[in-house]
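# Summary of the model geometry
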Amino acid sequence: MHINDDCFVIEIADPDTGNVVQDGERGSVHITTLFRHSAPQIRFNINDISSYMTGGACPCGCTFRRLTRIYGRNDNMVKVRGVNVFTEAIGVAVAEDSRSNGEYFCVIERVGESGREELTVKVEVPELVAHGAAVKDSLERRRRDVIGLRTIVSPVGVHALDSHTGLSQISNIKRLLDQRK
């Protein structure tokens, strides 16, 4: 994703502090427009998480800087044990498993005397008795690779998450409940 440096200034900033991060580090994308065809935008935070690509030149020959990709939205990111977790990344891993129907809900809580943060992902599995254990094992392994964090996967029956996600009542579906506070 090339950035037209002659038209825009793109900054990747820490979502909490607003300070610009080093190339290759993930952060929130801020845009400043250099031309005034409409209202000027100065350090406009678009709330997307990305990072500058490091390394060699682009194979196409363009010399502009590049973004790696959009990892998710800042408002859908939460830190668990120091790792940035995007609920969308979890959703992609769930959707890739054909034994689930793609519905999931994440719960973060503190457990034990030490207050260790634990992420549990509840996943709807249509044939729960036949595939529940296999889905649990497969997704726990996949999550560790995708988000770099060990999670607990809890398979549940179809429609069991409706009361948490609001899927049947509202258009803005909830995917996360943070109970650490």
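Residues numbered from 1 in each chain as written. Predicted model: local features only at pLDDT ≥ 70, side-chain atom pairs only at ≥ 80, totals over all residues. Heavy atoms only, no water.

### As for the overall build of the chain
Definition in use: For the purposes of this entry, the term helix denotes a DSSP run of H or I that reaches at least four residues, the term strand denotes a run of E that reaches at least two, and both are numbered from the N terminus. The classification of residues rests on relative accessible area computed with a 1.4 Å probe and restricted to protein chains. Under 20% of the type maximum is buried, over 50% is exposed, and intermediate values are partly exposed. Note on definitions: a residue-residue contact is assigned when non-hydrogen atoms from the two residues lie within 4.5 Å.
The helix and strand tally for the chain stands at three helices and ten strands. The N-to-C order of helical and strand elements in the chain reads β-β-β-β-β-β-α-β-β-α-β-α-β. Overall size of the chain, expressed as C-alpha extent along the three principal axes, is 60 × 40 × 35 Å. Here the chain, with 181 residues, has 37% of them falling under the buried criterion. Across the chain, every contact between residues at least 6 apart in sequence was considered, and the portion connecting residues at least 24 apart equals 53%.

### Focus on the packing of helix H1 (residues 87-96) against helix H2 (residues 128-147)
Angle between the axes and distance between the axes: these two values describe a pair of packed helices. Here is the rule we go by: Here the axes come from fitting lines to C-alpha atoms, over the contacting stretch only for helices, and the angles between their N-to-C directions go from 0 to 180 degrees. Any angle from 65 to 115 degrees is called roughly perpendicular, while one under 35 is roughly parallel, one over 145 is roughly antiparallel, and all others are oblique. Handedness of a helix crossing follows the sense of rotation of the near helix relative to the far helix, less than a right angle counterclockwise being left-handed and clockwise being right-handed. Under the scheme applied here, ten amino acids are nonpolar (Ala, Val, Leu, Ile, Met, Phe, Trp, Tyr, Cys and Pro), four are charged (Asp, Glu, Lys and Arg), and all others, including Gly, are polar.
Two elements in contact, H1 and H2, have axes separated by 10 Å at closest approach and are oriented at 140°. The angle between H1 and H2 falls in the class oblique. By crossing handedness, the relation of H1 to H2 is classed as right-handed. Contact with H1, carried on its side by Ala89, Ile90, Ala93, Val94 and Glu96, involves Leu139, Arg142, Arg143, Val146 and Ile147 of H2 and no other residues of that element. For the contact of H1 with H2, the per-class residue count stands at seven nonpolar, no polar and three charged.

### Topic: the pattern of salt bridges
In plain terms, the rule: A side-chain nitrogen of Lys or Arg and a carboxyl oxygen of Asp or Glu constitute a salt bridge if their distance falls within 4 Å.
Following the criterion strictly, the structure yields eleven salt bridges and no others. Ionic pairing is found between Asp97 and Arg99, a salt bridge with its closest N-O pair at 2.8 Å. One salt bridge in this structure joins Glu140 and Lys136, with 2.7 Å as the shortest N-O distance. With a gap of four residues between them, Glu140 and Lys136 both fall in helix H2, about one helical turn apart.

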